[in-house]
Amino acid sequence: MAKVSALITGASGGIGREIARQLAAAGVAVYVGSRDRERGQRAVGEIGGGARLLVLDVTDDARIASAAGSIEDLDILVNNAGIMVDGKAAPEADVDSFRRTYETNVFAVVAVTNAFLPALRRSAHPRIVNVSSGTGSLAWSTGPNPQFAWQTGGTGAAYRSSKTALNALTVYYAQALEADGFKVNAIAPGLRATNLNARAATSGGDPAEAAAGAVRLAMLPDDGPTGQFFSWDDTVAPW
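All of the points below concern the structure found in this document. In this text, all values refer to a predicted model and were calculated from it rather than measured experimentally.

### Some thoughts on the packing of aromatic side chains
Link 1 in the chain: For the structure shown, the criterion picks out 3 aromatic pairs.
Link 2 in the chain: Put simply, the rings of Phe98, Tyr102 and Phe107 pair up and form one aromatic cluster.

### Here we look at unusual backbone geometry
Link 1 in the chain: Even without being a glycine, aspartate 234 presents a positive backbone phi close to 80°.
Link 2 in the chain: One can find aspartate 234 in the segment after β7 (229-231).
Link 3 in the chain: For aspartate 234, a relative accessible area of 41% translates into the label partly exposed.

### Here's the deal with the side chain of arginine 127
Link 1 in the chain: Along the chain, arginine 127 falls in strand β5 (residues 127-131).
Link 2 in the chain: Arginine 127 gets classed as buried once you look at its relative accessible area, which sits at 1%.
Link 3 in the chain: Of note is the side chain of arginine 127, whose polar atom sits 3.4 Å from the backbone oxygen of glycine 181.
Link 4 in the chain: Here leucine 220 takes part through its backbone oxygen, which lies 2.9 Å from a polar atom of the side chain of arginine 127.

### Describing helix α5 (residues 157-177)
Link 1 in the chain: Its 21 residues give α5 an end-to-end C-alpha distance of 30 Å, which sits within 8% of 30 Å, the value for a rise of 1.5 Å per residue.
Link 2 in the chain: On its buried face, α5 is in contact with α4 (95-121), β5, β6 (183-188) and β7.

Definitions and limits used
Within any chain, residue numbers begin from 1 and follow the written order of that chain's sequence. Local features in a predicted model are, by the rule used here, given only for residues with pLDDT of at least 70; side-chain atom pairs are given and counted only at 80 or more, and totals for whole chains, interfaces and linings are based on all residues. Calculation of side-chain values draws on the structure's entire complement of heavy atoms; hydrogens and water are dropped beforehand. Two rings from Phe, Tyr or Trp (for Trp, the six-membered ring) form a pair when their centres are within 6.5 Å of each other. A pair whose planes differ by under 30 degrees is stacked, one over 60 is edge-to-face, and the rest are tilted. Counting from the N terminus, the helices are DSSP H or I runs at least four residues long and the strands are E runs at least two residues long. Throughout, exposure labels follow a simple rule: accessible area from a 1.4 Å probe, protein chains only, divided by the maximum for the residue type, with under 20% read as buried, over 50% as exposed, and the rest as partly exposed. Polar contacts here mean pairs of N or O atoms no more than 3.5 Å apart (in protein, one a potential hydrogen donor and the other a potential acceptor; neighbouring residues in sequence count only if both atoms are side-chain atoms). An expected span of 1.5 Å times one less than the residue number is assigned to each helix. Note on definitions: a residue-residue contact is assigned when non-hydrogen atoms from the two residues lie within 4.5 Å.

As structure tokens, then:
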């Protein structure tokens, strides 16, 4: 029986590296997606468990195609790579900040997912997990007492709206691929100690806690949910 395989983008550090580590510990053959070869190789050494480096710049179409061409079979894709350019509110933000943010957080997810779909279609149990954000929830961002006002954590309009768009993509991929046995879900990892922004770096919680939620979605049974948005603690999050 072939070993289950997974690709995690942006896996050289933070939540992505922890997702890769936990999947490898569970016996999954892990591809550590990293734009930087040196950082990626260092992560592979730390993860162990037969993890392999896949040099992958999610914003470079040629490199995506090359990476996809090197993998024939894939069971799990975790779209973890993401950036935050600034924390500005919409009236102060410039269009270039939105473009750069969406290039990684939205357009790259489409490019990478579509490039690896042929490999995922060869799996008997294909799974896609999109690492989103609670700040992208419109329900949590509205109402008289929103859980996430725009100032929360310095996450501005470009980042937050990109995660709202990612949530929408999750629904659309789930609907389009459900008949083929795919499970496609998004996760809000919560504020974690990563290099996303200054507040995350100094006040964030353990990335391993968030990674465990992503791993649960990556290893869903065939009767598990699809087209859903979950918080890191496995509770359903509102769109």
